[in-house]
Amino acid sequence: MNGLYDSQRAMRNMRKAAMQRGVVAVLDVGSSKIACLVLRFDGTDKLAAMDGVGPMAGQTGFRVIGAATTRSRGVRFGEISAMQETERAIRTAVQAAQKMAQIRVDHVIACFSGAEPRSYGLDGAIDLEGHVVTEQDVARALAACDLPDYGEGREVVHAQPVNFALDHRSGLGDPRGQMGQQLTCDMHMLTVDAAAVENLLHCVKRCDLELAGIASSSYVSGLSALVEDEQELGAACIDMGGGATGLSIFMKKHMIYADAVRMGGEHVTGDISMGLQVPTATAERIKTFYGGVVATGMDDREMIELEGDTGDWEHDRRTVSRAELIGIMRPRVEEILEEVRARLDAAGFEYLPSQQIVLTGGGSQIPGLDGLASRILGQQVRLGRPMRVHGLPQAATGPGFASAVGMCLFATHPQDEWWDFDLPVERYPVRSLRRAVRWFRDNW
Amino acid sequence: MQQVSPPRSDPAPSRWAYRFQRLMLTPLFRFALRVAVPFALAFGAAGLWLSDADRRDRIVLAIADIRTSIQSRPEFMVDLMEINGASPDVSGTIREIVPIDFPRSSFDLDLAQIREQVMALPAISAASVRIRPGGVLRVDVTERVPVILWRTAAGLDLVDVDGVVVARAAGRSAHGPLPIMAGKGAAAHVDEALALFSAGEPLSDRLRGLERIGERRWDVVLDRGQRILLPERGAVQALERVIVLAEGQDMLDRDLVIVDMRLPERPTVRIAERAVQDWWKLRKLSARSNDL
């Protein structure tokens, strides 16, 4: 546990150093594309003095000065499966973004969607030593959370305190300075496969970059695609990526659950490729141009030409109606959504006060998806796009960039995590001395 | 119906290309490449080229040639010297002590030094030297005007108002109208001497000259060996008193040798030896006639 604490703190310090230098890159390692944005921080403290939340929701402290995407290679199900290929793809994206930004980037914050994220809810309680909650007490409360056995070869990526309760008052965001006897905290912890993190770290190192933070893409796409009241009242963000579909549930502006389904747009493409006997690249193009999930009578008459260069005239001149294409795509999309539904049910999503569901990610651009999703997931479904940030090129504003934009927010306004608090002082002499002082104060 | 085309290829850069691009985006490296390298190259090339002594000499020679060709242009040449405000013999002296062989470039003329040389002449009180357009070196001088003659053991000198010896006088007769003075240290009090001469105007037909006595006071020397001894202070007033006496009582026409005015409250007269004896003789005669 201490090793994790230290490595995460080291990453946090590196991120601070990068923000002081003013330039940091965010890297979204996805299964279908790798996106790299270069952020420049200018005057982050300018708006700190302002009361309330400004029109840009406080996101004016940075600017995107470079953006690049490249076709992903060697990433499957949101995990790195071929290191060399992935390293080359990262290099391509970083080089193009650097070229656009005309600046050299040394620190990178990366996110990935796969690696089997698992959520744990922890809670801990302590008796306060004084009557006022101090930062040290918060740290002690966090340390008092009993850690579940999350298994060998897993690594914690997020451990965020989501709720504090003081005696019988719950729902405190910041208990410091309040009076009470007993402090209870709830923490949300997300673990992923350690091997995936190691692989990513290695790839980034091979590109002469320093990894200044990692995040789960389900979390960061929720940060950018959910609007503020959705985050506050409770909502689920479903990020339909290429190789994995991430889902995250937000409540009171904290992520309380995250998971990923190991199915995504590439499986739809694979189905088309197999069903229509066309290469994968062609299947991808057909999907993006003609894809859909709700067939109408018009679709029976719209024919799609399937080109081929096999030399067999009959094979190369085939056509297929759009209704057939939809007939191939729909079962797979339904399967993905039903799997998501199962995960949401397992997480107890139906008990939340508000059950808004936001679909984002590249897969959410399938026409008619919102109708299908509302039949499977519930009535309150909308399609989400990432929020606007300064300097983002038009090409990078689509829902496919939800996690990249979310990474920007994550980099500039990180939430408190467990390792941001100092380790509690648990050494015996200090405690006994405190006890002595307390005894004197109580009895004299 | 739309044609479906394969996706465009997106080749990854090689590791070295990637590193090179990052290096080129490093600010310090770019600065070095933009400033330090050209500077070092230019400096090194120039240093290498100049390290040959022959080349250096040639460059120096070429610069000197250009310099000479500019300096010897006719616009800068000085052809003659014009001396203004000097008598012919003084201007001859100036030409002698400033030996410039014309034509000469004006860059080679040190006007300040020429002026110093001219000013060193005793006969000249002020001088200005400049080069006039048209290649003329013009020397404007103001000569010292001799106002008095000064007889010393060495001879007769011409002295101006400031007491500077201008020249050796040819003789007393050559400078007829000038008054004459003598004595050591007389040159330092020329203005007082001139004042005495103007005060002694009524005596001018008898006045021979002034003599400085003991470097502190003046004697007026008249013909027939008469002298007027003047005090250190108020010499002019003392002389005027003597003149009044001379006009009123014909004092100087009598047989006096010395009128001593050194003590203003007790003027003294010395009578000539022979006159004293005559006077005594007369007193005896008159006493005898009274006895008779």
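Coordinates for the structure precede this section.
In short, a report on the structure. This is a predicted model, so every value here is computed, not measured.

With that settled, consider the overall build of chain B. Looking only at helices and strands, chain B has eight helices and 14 strands in total. Across the 292 residues in chain B, those meeting the buried criterion constitute 31%. Put simply, of all contacts in chain B between residues at least 6 apart along the chain, 43% involve residues at least 24 apart. As displayed, chain B offers around 18,800 Å² of accessible surface, 58% of which is attributable to carbon and sulfur atoms.

Residue and element names in this part refer to chain A. Within the structure shown, the criterion is met by 38 salt bridges over all chains. Note that Asp259 is salt-bridged to Arg343, the shortest N-O span being 3.2 Å. Placement of the pair is Asp259 in strand β14 (residues 254–261) and Arg343 in helix α11 (residues 322–347), with a sequence separation of 84 residues. With a relative accessible area of 10%, Asp259 lands in the buried category. Among the residues examined, Arg343 registers a relative accessible area of 23% and is labelled partly exposed. Residue Asp271 is joined to Arg332 by a salt bridge in which the shortest nitrogen-to-oxygen separation is 2.7 Å. Placement of Asp271 in helix α7 (residues 265–276) and of Arg332 in helix α11 is noted, with a sequence separation of 61 residues between them.

Turning next to the state of the cysteines. Residue and element names in this part refer to chain A. If you walk through the whole model with that rule in mind, you get zero disulfides over all chains. No disulfide involves Cys36; its sulfur sits 9.9 Å from the nearest other cysteine sulfur, which is in Cys408. The class for Cys36 is buried, based on a relative accessible area of 1%.

With that out of the way, let us pick up the pairing of strand β5 (residues 136–143) of chain B. Residue and element names in this part refer to chain B. Strand direction decides the pairing type here: strand β2 (residues 80–84) and β5, joined by five bridges, are parallel. Bridging from a neighbouring strand, Asn84 pairs with Asp140 of β5. Across eight bridges, the pairing between strand β4 (residues 124–132) and β5 is antiparallel. The residue bridging Ser128 from the neighbouring strand is Asp140, located in β5. The antiparallel hairpin formed by β4 and β5 contains three residues in its connecting segment, where Gly134 sits at a positive phi of about 100°.

Below, the discussion takes up the pairing of strand β3 (residues 62–71) of chain A. For a regular strand, side chains alternate in direction, first toward one face of the sheet and then toward the other. All names here are of chain A. Most of β3 is tucked away, with seven of its ten residues classed as buried. Pairing of strand β2 (residues 33–41) with β3, which is carried by nine bridges, proceeds in the antiparallel orientation. Across the sheet, residue Lys33 finds its bridge partner in β3, namely Arg71.

Next up on the list: the interface of chain B and chain A. A common way to state how big an interface is: give the accessible area lost once the parts meet. Counting residues at the interface gives 21 residues for chain B, matched by 31 residues for chain A. The contact between chain B and chain A buries some 2,400 Å² in all, and 46% of this surface belongs to carbon and sulfur atoms. The tally of links from chain B across to chain A stands at three salt bridges. Between Arg15 of chain B and Glu87 of chain A there is a salt bridge whose closest N-O contact spans 3.0 Å. The interface formed by chain B and chain A holds twelve residue pairs in polar contact (both at pLDDT 80 or more) in total.

Let us now look at the nonpolar core. Residue and element names in this part refer to chain A. Counting 72 residues, the largest nonpolar core has Val26, Leu27, Leu37, Leu39, Phe62, Ile109 and Leu200 as the members making the most contacts within it. Residues within four places of Leu37 in sequence aside, it is in contact with Val24, Ala25, Val26, Val64, Gly66, Ala67, Leu392, Ala404 and Cys408. Judged by nonpolar contacts, the second largest core, of 39 residues, contains Leu276, Tyr290, Leu306 and Val333.

A separate point is helix α2 (residues 27–50) of chain B. Look at α2 of chain B: 34 Å from first C-alpha to last across 24 residues, which is about the 34 Å you get at 1.5 Å a residue. At Leu33 of chain B, α2 of chain B shows its largest bend, some 35°.

So, on to the environment of Val294 of chain A. Examined against the element boundaries, Val294 of chain A turns out to sit in the loop between α8 (280–290) and α9 (297–301). Using a relative accessible area of 45% as the deciding quantity, one classes Val294 of chain A as partly exposed.

A few words on the packing of aromatic side chains. Applying the stated criterion to the full structure yields six aromatic pairs over all chains. Measuring from centroid to centroid gives 6.0 Å for Tyr219 of chain A and Phe410 of chain A, while their planes differ by 85°, and the two rings are edge-to-face. Within this pair, whereas Tyr219 of chain A is found in helix α5 (residues 217–225), its partner Phe410 of chain A is found in helix α13 (residues 402–412), the two being separated by 191 residues in sequence. Here the two residues Tyr219 of chain A and Phe410 of chain A agree in accessibility, since each one is buried. Taking 5.7 Å as the distance between ring centres and 20° as the angle between the ring planes, the aromatic pair formed by Phe39 of chain B and Phe43 of chain B counts as stacked. Pair noted here: Phe39 of chain B and Phe43 of chain B are both in helix α2, with a separation of four residues, about one helical turn. Here Phe39 of chain B and Phe43 of chain B have matching classes, each one exposed. Here a set of aromatic residues connected by ring pairs shows up, and it is made of Tyr219, Phe250 and Phe410 of chain A. It is Arg19 of chain B that lies over the ring of Trp16 of chain B; its NZ or CZ is 5.2 Å from the centre. Sitting over the face of the ring of Trp279 of chain B, Arg283 of chain B holds its NZ or CZ atom 5.3 Å from the ring centroid.

Pairing between the strands of a sheet is mediated by backbone hydrogen bonds and can be parallel or antiparallel. Residue and element names in this part refer to chain A. Read across the open sheet, the four strands follow the order β7-β10-β8-β9; overall the sheet is antiparallel. Two strands lie at the open edges of the sheet, namely β7 (118–127) and β9 (169–172), each paired on one side alone. Ignoring strand direction, the axes of neighbouring strands in this sheet form an average angle of 30°. The pairing of strand β8 (residues 154–166) with β9 spans two bridges and is antiparallel.

This part covers unusual backbone geometry. Residues and elements named next belong to chain A. In this model, Asp167 sits at a positive phi of 55°, which is unusual for a non-glycine residue. Relative to the elements of secondary structure, Asp167 occurs in the loop between β8 and β9. Within the chain, Lys252 stands out as a residue other than glycine whose phi angle is a positive 50°. With respect to the helices and strands, Lys252 occurs in the loop between β13 (245–251) and β14.

Glancing now at the packing of α5 of chain A against α13 of chain A. Residue and element names in this part refer to chain A. Orientation of α5 relative to α13, taken along the N-to-C sense of each, is 85°, at an axis distance of 7 Å. Considering their axes alone, α5 and α13 lie roughly perpendicular with respect to each other. On α13, the residues that touch Ser217, Tyr219, Val220, Ser221, Leu223 and Ser224 of α5 are Ala402, Ser403, Val405, Gly406, Met407, Leu409 and Phe410. Here the contact of α5 with α13 is built from residues that sort into eight nonpolar, five polar and no charged.

Glancing now at a nonpolar patch on the surface. Taken together, the side chains of Trp439, Phe440 and Trp444 of chain A define a hydrophobic patch exposed on the protein surface, amounting to about 480 Å² of accessible area. Looking at where Trp439 of chain A falls in the secondary structure, it is placed in helix α14 (residues 428–443).

All names here are of chain B. Counting through the fold element by element, Ser105 comes out in strand β3 (residues 104–105). For Ser105, a relative accessible area of 7% puts it in the buried group. Not counting the four nearest positions on each side in its chain, Ser105 is found in contact with Gln71, Phe76 and Met77.

Analysis parameters
- Residues numbered from 1 in each chain as written.
- Chains lettered and ligands numbered in written order.
- Predicted model: local features only at pLDDT ≥ 70, side-chain atom pairs only at ≥ 80, totals over all residues.
- Heavy atoms only, no water.
- Helix = DSSP H or I, 4+ residues; strand = E, 2+ residues; numbered from the N terminus.
- Buried < 20%, exposed > 50% of the residue type's maximum accessible area, 1.4 Å probe, protein only.
- Contact = heavy atoms within 4.5 Å.
- Areas by Shrake-Rupley, 256 points an atom, 1.4 Å probe, with all protein chains shown as cover.
- Salt bridge = Lys/Arg side-chain N within 4 Å of Asp/Glu carboxyl O.
- Disulfide = S-S within 2.5 Å.
- Pairing = 2+ DSSP bridges.
- Buried area = accessible area lost by both parts, 1.4 Å probe.
- Polar contact = N/O pair within 3.5 Å; in protein donor to acceptor, adjacent residues only side chain to side chain.
- Core = buried A, V, L, I, M, F, W, Y, C linked by side-chain atoms within 4.5 Å.
- Expected span 1.5 Å × (residues − 1).
- Bend = angle between axes of the 7 residues up to and from the residue.
- Phe/Tyr/Trp six-rings, centres within 6.5 Å; stacked < 30°, edge-to-face > 60°.
- Lys NZ or Arg CZ within 6 Å of the ring centre and 35° of its normal.
- Axes fitted to C-alpha atoms, helices over the stretch in contact; angles between N-to-C directions.
- Parallel < 35°, antiparallel > 145°, perpendicular 65-115°, else oblique.
- Nonpolar A, V, L, I, M, F, W, Y, C, P; charged D, E, K, R; others polar.
- Patch = residues over 30% accessible without salt bridge, like charges linked within 9 Å, V, L, I, M, F, W, Y side chains within 5 Å.

Such coordinate-based values are descriptive only and should not be taken to indicate function.
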